[in-house]
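The lines below spell out each chain.
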Amino acid sequence: MNIFDLYLDKIIILIKKLNKDGSLEIPESLKGINVDIPPSNFDCDISTNVAMVLSKANKKSPIDIANTLIDLIKNEDEKIETISVAKPGFINIKFKTIYWNNFIKNVNQNYKDFGVNIKEKKQKYLVEFVSANPTGPLHVGHCRGAILGDVISNILIFNKHDVSKEYYVNDYGNQIINFTKSVFFRIREILFNEKFPIENSDLYPGDYLVDIAKNIIESNKVLKFDKFEDVSKELTLLSVSESLKLIKNNLSNLGIVHDKFTSETDIVLNNEVQKAIDKLKDKKLVYSGKIKAPKGEDDQNWVEREQLLFKSTDFGDDKDRALQKSDKSWTYFASDVAYHDNKLNRNYDTLINILGADHAGYIKRITSVVEALSGDKKKLICKVSQLVKLIKDGKPFKMSKRKGDYITVEDLIAEVGRDATRFIMLNRSSDVELDFDFTKVKEKSKDNPLYYVQYCYARISSVFRHVDLNIENDLNINDYEFEYTGDEIKILKKIAEWPKCIEAASLRLEPHRIPVYLYELSSEFHSYWNMGKDDPSKRFINEQKKISNDKLVFLKVISNVIKSGMDIVGVDTCLLYTSPSPRDRQKS
């Protein structure tokens, strides 16, 4: 039940009726009309800008239009208590208590679908995320993007879309050769006591390579490791496989499971790069030419050479992009062109890529080539996951994958747990940097958002246990003739915002809205709970040690929304820190 959409529909029906009667002009498009959450200083429940949208077409001031409409709107709905006009022409509506009785009944009876945007066109999405090079375990730099992609997928799934989660395995190119060589030298170190060439900056020196080397030795007794060239092909497959096991285990511990892992090597060996380039050639979007020196690079040291180029500038990019190197081998971009052509061939409505901060400059070229191949400018959406700053003991904690002393996903989970990792990584918009403070995420206070939301659910659970009810069971109530107070309606109004939160998070692909909303709802609830210390009418358990139906269903709808939101975020509602004390429960 989306009260904002319901009243938007009612208002549009009304103004169309007035237009048909000849008493009101309406513009060609009514998309600018909205019903929204009013500012907190207004004593109303919803607000609409309809009068401002109609002002120009009717050559009247928004205030005049609003004053004309308010009586007509009220006459259409007996559940409206007051309706008023606020400058510059907003119409503010406040409902009678009976409206909130109907609202809470609807939400309780249809809680599984509460929040789902039934108006949104259902699509088939492919969400590609993480896609870290298979050269070792995931580090914190990958963690935020992994959670971002997973929760974006969860939001779309919640909204009944068809979603596939995919990981692109970059198992082709120089970095894989260097990684395989690193494993080879670790194997030689174990078998023949040869010193690992730590001075070679191209190699990966991390200790995790020792475990990978041991696993390969143990599982491949007949394999000889005398010369790298003789064993490189098979060792590459084994090394990448072992690395992917680490990565999949990291992801599993984060609560993430991909539907598909697509190999870059398979793309290249299946000749998909050439096929994709041929498609661009057929569209006359490929030519042989020279690229000027990149910005910031010394022109004197730059060597211009004939290369195969994609006309990326035709699609708004700042320069055309190379598809082949001087030795005629494909560029990394060419492989990406083929991979995205592969995606397009699978007939998804929308492609979503989650990119790290270091790939932000890559967005224009890849969206350009997807537009070129598909003819659809909006086919690919790229979301950037900005950097995470780790803070420990009040100081920045730095990491470096090359040196092997970086903080892994496993390190982070071991330190603060999976739930805290997921919730806090989403607590800010993905396009801004995030400070992840190990101390703060362990605090049992309002300053720890996860704790505060889980404690809200724990308090509600304690009330249900007190009256021998299971919070997870459906709550069946026949009579909804309640008299909710202003403080309770304030929380119900927050509950009413849940569908709007989901709608924004889904349409804008902004999952941080979910934990922010959950924190705000929990804050409202904790404030109400604390009122019970001084006001017996605010307590959930009465002097007879029972709970009234109005308060029971009130708690149930709050818990359902929190459970729904926490499921989307991928964290548990269970409070691992502590449960409410008997004294705290008694004061409820």
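To keep things clear, this report deals only with the structure shown in the data block. Since the structure is predicted, the reported quantities are computational estimates derived from the model, not experimental observations. (Residues numbered from 1 in each chain as written. Predicted model: local features only at pLDDT ≥ 70, side-chain atom pairs only at ≥ 80, totals over all residues. Heavy atoms only, no water.)

### Some thoughts on the sheet that holds strand E4 (residues 90-95)
The four strands lie next to each other as E1-E2-E4-E3, forming an open sheet whose pairing is antiparallel. What marks the edges here is a single partner per strand, and that holds for strand E1 (35-36) and strand E3 (80-86). Bridge analysis of E1 against strand E2 (residues 46-48) gives two bridges, and the strand direction is antiparallel. Of the residues in E2, the one forming a bridge with Val35 is Thr48. Relative to E3, helix H3 (residues 62-75) is tilted by about 175 degrees, and along the sheet it contacts E3 and E4. (Pairing = 2+ DSSP bridges. Helix = DSSP H or I, 4+ residues; strand = E, 2+ residues; numbered from the N terminus. Contact = heavy atoms within 4.5 Å. Axes fitted to C-alpha atoms, helices over the stretch in contact; angles between N-to-C directions.)

### Side note on the layout of surface pockets
By volume, the second largest pocket is sized at about 850 Å³. For the second largest pocket, the lining is made up of 30 residues, of which Asp171, Tyr172, Gly173, Ile176 and Thr265 are closest to its centre. Looking at the lining of the second largest pocket, the elements that each hand over two or more residues are helix H6 (174-192), helix H8 (228-253), strand E7 (260-263), helix H9 (264-269) and helix H11 (332-344). When the residues that make up the lining of the second largest pocket are grouped by side-chain class, the tally is 13 nonpolar, eleven polar and six charged. (1 Å grid on protein atoms, 1.4 Å probe; cavity = no way out; pocket = protein on both sides within 12 Å on 5 of 7 lines; lining within 4 Å. Points joined across faces, edges and corners; volume = space filled by probe spheres on them. Nonpolar A, V, L, I, M, F, W, Y, C, P; charged D, E, K, R; others polar.)

### Observations regarding the nonpolar core
Counting 123 residues, the largest nonpolar core has Phe436, Trp498 and Ile514 as the members making the most contacts within it. Ranked by residues supplied to this core, first place goes to helix H19 (residues 549-569) with eleven residues. With 31 residues, the next largest nonpolar core counts Leu280, Val337, Ala338 and Leu355 among its residues. (Core = buried A, V, L, I, M, F, W, Y, C linked by side-chain atoms within 4.5 Å. Buried < 20%, exposed > 50% of the residue type's maximum accessible area, 1.4 Å probe, protein only.)

### A short note on the environment of Asn549
With respect to the helices, strands and loops of the structure, Asn549 is situated in helix H19. Sequence separation between Asn549 and Asn476 is 73 residues; the distance between their C-alpha atoms is 9.9 Å. In this view, Asn549 contacts Ile477 and Phe482; residues no more than four positions away in its chain are not counted.

### Remarks on the side chain of Ser263
Tracing the chain through its elements places Ser263 in strand E7. Ser263 gets classed as buried once you look at its relative accessible area, which sits at 13%.

### Some remarks on the side chain of Arg186
Note on placement: Arg186 falls in helix H6. Under the relative-accessibility criterion, Arg186 is labelled buried at 8%.

### Let's talk about the pairing of E4
Both E2 and E4 contribute to a ladder of three bridges, which runs antiparallel. Residue Thr48 lies in a different strand from E4, and its bridge partner there is Ile91. The pairing of E3 with E4 spans six bridges and is antiparallel. Looking at E4, one finds that Ala86 is bridged to Phe90. The hairpin turn running from E3 into E4, its antiparallel successor, is three residues long, and Gly89 in that turn takes a positive phi close to 150 degrees.

Everything listed here is a matter of coordinates, which is why it stays silent on function.
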